[in-house]
Amino acid sequence: MDYLPIFMNMRGETALIVGGGVLASRKAALVAKSGAALKVVSPAMSEAMRKLADAQGAQLIEREFCDSDVHGVQLVVAATDDAAVNRRVHRAARDRGLPVNVVDTPDLCSFILPAIVDRSPVVVAVSTGGRSPVLARFTKALLERALPAGLGRLAAWSGRWRQAFKDRVRDGGQRRRAWETVFESEIPELVYAGRAQAADQQVEQLLNRGGESIPKTGAVYLIGAGPGDAGLMTLRGQRLLQRADVVLYDRLVSNDVLELCRREAELIYVGKQHNDHPVPQPEITRLLIEHARSGKRVARLKGGDPFVFGRGGEEMTALADEAIDFQVVPGISSANGCAAYSGIPLTHRDHAQGYSCWTGHLKKGELELDWDLIAQSRHTQVFFMGLRAAATIGRELEAHGMAPSTPAALISAGTTGQQRVLRTSLRRLGRDARTMDADLPTLIVVGSVVNLRRSLSWFEGGAGGAAVFPRHGAGGLPAAHG
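Residues numbered from 1 in each chain as written. Predicted model: local features only at pLDDT ≥ 70, side-chain atom pairs only at ≥ 80, totals over all residues. Heavy atoms only, no water.

Visitor: How should I be thinking about the overall build of the chain in this particular structure?
Guide: A tally of regular secondary structure across the chain gives 17 helices and 17 strands. The principal-axis extents of the C-alpha atoms in the chain amount to approximately 85 × 60 × 40 Å. A burial count over the chain gives 47% of its 482 residues as buried. Distance from the positive charge centre (59 side chains) to the negative charge centre (51 side chains) of the chain: 1 Å. (Helix = DSSP H or I, 4+ residues; strand = E, 2+ residues; numbered from the N terminus. Buried < 20%, exposed > 50% of the residue type's maximum accessible area, 1.4 Å probe, protein only. Lys, Arg positive; Asp, Glu negative; His and termini not counted. Charge placed at Lys NZ, Arg CZ, Asp CG, Glu CD.)

Visitor: What exactly am I supposed to notice about the side chain of Ser-425 here?
Guide: Looking at the element boundaries, Ser-425 is found in strand E16 (residues 420-425). Excluding residues that lie within four positions of it along the chain, Ser-425 makes contacts with Pro-404, Ser-405, Thr-406, Pro-407 and Ala-408. (Contact = heavy atoms within 4.5 Å.)

Visitor: What is the right way to read empty space enclosed by the protein from this model?
Guide: Empty pockets left among the atoms are what a rolling probe the size of a water molecule brings to light. Scanning the model with the defined rule gives 1 cavity of 30 Å³ or more in all. Roughly 40 Å³ of internal volume is contained in the largest cavity. Every residue along the wall of the largest cavity is listed here: Glu-186, Glu-189, Leu-190, Ala-219, Val-220, Tyr-221, Asp-325, Phe-326 and Gln-327. In terms of residues, the lining of the largest cavity owes the most to one element, strand E8 (residues 219-224), which gives 3 residues. (1 Å grid on protein atoms, 1.4 Å probe; cavity = no way out; pocket = protein on both sides within 12 Å on 5 of 7 lines; lining within 4 Å. Points joined across faces, edges and corners; volume = space filled by probe spheres on them.)

Visitor: So what exactly am I meant to see when it comes to the pairing of strand E4 (residues 75-78) here?
Guide: Strand residues, when the strand is regular, have side chains that alternate between the two faces of the sheet. Of the two faces of E4, the one holding Leu-75 and Val-77 and the one holding Val-76 and Ala-78 are both buried throughout. Inspection of the sheet shows strand E1 (residues 14-18) paired to E4 by 4 bridges, in the parallel sense. When the bridges of E4 are listed, Val-18 appears paired with Ala-78. Following the backbone out of E4, through helix H3 (residues 83-95) and into the adjacent parallel strand E5 (residues 100-102), one traces a crossover that is right-handed. (Pairing = 2+ DSSP bridges. Right-handed = clockwise from strand over helix to strand, strands pointing away.)

Visitor: Please explain the environment of Arg-431 as it appears in this structure.
Guide: Within the element layout of this structure, Arg-431 appears in helix H16 (residues 429-433). Counting along the chain gives 40 residues from Arg-431 to Ala-391, while the straight-line C-alpha distance between them is 7.2 Å.

Visitor: So what exactly am I meant to see when it comes to the sheet that holds strand E9 (residues 246-249) here?
Guide: Strands belonging to one sheet form pairs held by backbone hydrogen bonds; the direction of such a pair is parallel or antiparallel. Reading across from one edge, E10-E9-E11-E8-E12 is the order of the 5 strands in this open sheet, with parallel pairing throughout. In this open sheet, the two edge strands, each paired with only one partner strand, are strand E10 (266-269) and strand E12 (326-329). Within the sheet, the average angular offset between the axes of one strand and its neighbour, ignoring direction, is 20°. Pairing geometry for E9 and strand E11 (residues 297-302), over 4 bridges, is parallel. Of the residues in E11, the one forming a bridge with Val-246 is Val-298. Its contacts with the sheet put helix H11 (residues 281-293) on E8, E9, E10 and E11, and the angle it makes with E11 is roughly 155°. On the sheet, helix H12 (residues 312-321) packs against E8, E11 and E12 and is oriented at approximately 170° with respect to E8. (Axes fitted to C-alpha atoms, helices over the stretch in contact; angles between N-to-C directions.)

Visitor: How do you make sense of the pattern of salt bridges when you look at a structure like this?
Guide: Opposite charge on two side chains makes pairing possible when the charged atoms of those side chains draw close. As enumerated under the stated definition, the model contains 29 salt bridges in all. Connected via shared salt-bridge partners are Glu-186, Glu-189, Arg-239 and Arg-243. (Salt bridge = Lys/Arg side-chain N within 4 Å of Asp/Glu carboxyl O.)

Visitor: Sorry if this is basic, but what is going on with the packing of aromatic side chains here?
Guide: Here a ring pair, both rings aromatic, is described through the centre-centre distance and the interplanar angle of the planes. Evaluated as defined, the whole model comprises 8 aromatic pairs. Relative to Phe-384, the ring of Phe-309 lies with its centre 5.1 Å away and its plane at 55°, an arrangement referred to as tilted. Of this pair, Phe-309 sits in the loop between E11 and H12 while Phe-384 is found in strand E14 (residues 380-384), placing the two residues 75 residues apart along the sequence. On the accessibility criterion, Phe-309 (40% relative accessible area) is partly exposed. Given a relative accessible area of 9%, Phe-384 falls into the buried group. Taken together, the ring pairs connect Phe-165, Trp-179 and Phe-183 into an aromatic cluster. (Phe/Tyr/Trp six-rings, centres within 6.5 Å; stacked < 30°, edge-to-face > 60°.)

Visitor: I would appreciate a short explanation of the packing of helix H5 (residues 151-168) against helix H8 (residues 196-208) in the present structure.
Guide: The relative placement of two packed helices is expressed as an angle between their axes plus a distance between the axes. Look at H5 against H8: their axes get within 11 Å of each other, and the N-to-C directions meet at 15°. Overall, the two elements H5 and H8 adopt an arrangement that is roughly parallel. Remark: the crossing between H5 and H8 carries right-handed chirality. In this structure, H5 contributes Trp-157, Arg-160, Trp-161, Ala-164, Phe-165 and Arg-168 to the contact, and H8 contributes Ala-196, Ala-199, Asp-200, Val-203, Glu-204, Leu-206, Leu-207 and Asn-208. Split into classes, the residues belonging to the contact of H5 with H8 amount to 9 nonpolar, 1 polar and 4 charged. (Parallel < 35°, antiparallel > 145°, perpendicular 65-115°, else oblique. Left-handed = near helix turned anticlockwise from the far one by under 90°. Nonpolar A, V, L, I, M, F, W, Y, C, P; charged D, E, K, R; others polar.)

Below is the structure:
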């Protein structure tokens, strides 16, 4: 170990920053976050440093560094572009036994400022001993994705219970095991979701049992899987998938997203497609309730966003009626994701002042929509599940006043390696829809913004390789998990 990791209490103490440039201001901002008072010495101050000083109440001394500047401070940082000045600062600090950091000069550092993941009061520091700052930042980025954003909230909540654990669980070993039980339970998710009162109730039950166990309770996570690209899944959604014992997933969840599930999880396919509903909606709801009541953590995984044409509200209402604990994790809607990957902005100052989303799902061969409103609006129009209704959509919009030449796009398997985008017009919409793969999810976009794809197209999938969206056989599992 090149350096001893130490977290230094600087609250109420003074730190000397030598240097007034942008780099010095960044180091000063980091030190200021610890609660330290700042004393900055430099013959010239950048605008960034002046703004920081105004915000933090820092003392700015605009002159050359003097050895006496280190008097009365507890920590020193040298961040000038003059090597001789930096060496003088190092020598003056060391003569007084003060910790000193000279930026980008490890040999002159008695301490270093590591890359930091800040979930205060939880703070994680990453160092490569000054060998590779870029690698330290890369490692920090990995940790940022892995650590829940609410980890600091969990630490603060835990602190409120620390004394109660000491008072009510006297044995130190048992108390440690009780805390482990807390952090391995559903309690952290309750705290992350802002439900501290529910978390308190479960801890109270634990302490009433002498810290031995928490009653096993199930929960349902309604997770939006996004439009297909697993990289568009939210961090929270990924974390909850790794906790789930059972995953009920739809047809529009890609294989790549399913790969994020815990390997031990039971995967249950409950997808629907045209004229094929192997698992009716009441049965899906029953499965959610049954597994949650048995104490399991259940992920309900839906393509796109679960509250946009996903019937998520119906399922959550049923869970609420049964007093089943649940939380909702939004996903990137297919409208936003597929349009972005196709180079089609849904709004644009010169083309559309908004966008509207509609179901394109035929019911008894009909599509009952407010065609007058859709045709006359200056919005981009987005139709979900509209491939089979494409001819109807084109015909009705023309009949209600929209020009036959109005640009339209068919986006199949958007955001994935199978993405295909066909730019067409309202008049040709029905005919061109017949050339698309009916088994793949397809979005229809109507409006002049479609023409922007000519210059904004940046992502093109390739239809080769394995299917991105599951094709289910008798076993009910996609090939990736067969």
